[in-house]
Amino acid sequence: MIRTPVPGTRGPIVFHLACGERLEIVYDTEELGECITDPCSFGWISHTTRPAALEHWLESPYHSVDFGADEVDGRALAKMMVNTLRDLGVGSPKDLSLTDRAQQVGDCDIEYYSLTLQENP
């Protein structure tokens, strides 16, 4: 399992969720190394094929389809994420952490929603 700390979290960020009128999830492979399965095989869209539709606080090489409120295919998104995590060796949801605040910069809180690989104590 990957155990590289990210400021404000206990492990590397894997998925960033952008939601509002539309929902899109990006998959950040930067901290995971080069020996990962091709994300497109799990349904992720390469940024070089089609850029992400929504603004994310981090640039990521892969993203999901963007969905409107009545268009979201939760089952397909969950399957894509679960298959990706299983391929990374995540054996349990206990190995993950849902974060909603990254860090503080000056007087500003940087707010985002993401799923990280949690470093177990």
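Further up the page is the structure itself.
*Asks:* Describe in detail the overall build of the chain, supporting the description with residues and values.
*Replies:* Each helix and strand counted, the chain has one helix and nine strands in total. Overall, the chain shows an N-to-C arrangement of helices and strands of β-β-β-β-β-α-β-β-β-β. Split into buried and exposed, the 121 residues of the chain put 39% on the buried side. The long-range share in the chain, meaning contacts at least 24 apart out of those at least 6 apart in sequence, stands at 58%. A total accessible area of about 7,300 Å² is found for the chain, and carbon and sulfur atoms account for 50% of it.

*Asks:* Any chance you could break down the pairing of strand S2 (residues 22-27) for me, citing the residues and the numbers?
*Replies:* Within S2, five of the six residues are buried, which leaves the element mostly enclosed by the surrounding structure. Linking two consecutive strands that pair antiparallel, namely strand S1 (residues 13-19) and S2, is a turn of two residues. Bridge count for S2 against strand S5 (residues 67-68) is two bridges, and the pairing is antiparallel. Bridge pairing in S5 links Arg22 to Gly68.

*Asks:* Could you give me a rundown of the side chain of Asp28, with the residues and numbers involved?
*Replies:* Take Asp28: it is sitting in the loop between S2 and strand S3 (45-46). Of the side chains with opposite charge, Arg50 lies nearest to the buried Asp28, which makes no salt bridge, at 17 Å. The residues touching Asp28, leaving out its near neighbours within four places in the chain, are Ile13, Val14, Leu58, Glu59, Ser60 and Pro61.

*Asks:* Can you tell me about the nonpolar core, naming the residues and giving the values?
*Replies:* Counting 16 residues, the largest nonpolar core has Phe15, Tyr27, Trp44 and Leu85 as the members making the most contacts within it. Among the elements of the structure, S1, S2 and helix H1 (74-87) are those that each provide at least two residues to this core. The element contributing the most residues to this core is H1, with four residues. Ignoring sequence-local partners within four residues, the contact set of Tyr27 consists of Val14, Phe15, Leu32, Ile36, Pro39, Trp44, Ser60, Pro61, Tyr62, Thr84 and Leu88.

*Asks:* A description of the environment of Trp44 should follow, citing residues and the corresponding values.
*Replies:* Locating Trp44 in the fold gives a position in the loop between S2 and S3. On the accessibility criterion, Trp44 (2% relative accessible area) is buried. Here the alpha-carbon distance between Trp44 and Met81, two residues 37 residues apart in the chain, equals 9.2 Å. Non-local contacts of Trp44, meaning those with residues more than four positions away in its chain, are made with Phe15, Ile25, Val26, Tyr27, Pro39, Tyr62, His63, Ser64, Met80, Met81 and Thr84. A polar side-chain atom of Trp44 sits 2.9 Å from a polar atom in the side chain of Thr84.

Conventions and cut-offs
- Residues numbered from 1 in each chain as written.
- Predicted model: local features only at pLDDT ≥ 70, side-chain atom pairs only at ≥ 80, totals over all residues.
- Heavy atoms only, no water.
- Helix = DSSP H or I, 4+ residues; strand = E, 2+ residues; numbered from the N terminus.
- Buried < 20%, exposed > 50% of the residue type's maximum accessible area, 1.4 Å probe, protein only.
- Contact = heavy atoms within 4.5 Å.
- Areas by Shrake-Rupley, 256 points an atom, 1.4 Å probe, with all protein chains shown as cover.
- Pairing = 2+ DSSP bridges.
- Lys, Arg positive; Asp, Glu negative; His and termini not counted.
- Salt bridge = Lys/Arg side-chain N within 4 Å of Asp/Glu carboxyl O.
- Core = buried A, V, L, I, M, F, W, Y, C linked by side-chain atoms within 4.5 Å.
- Polar contact = N/O pair within 3.5 Å; in protein donor to acceptor, adjacent residues only side chain to side chain.

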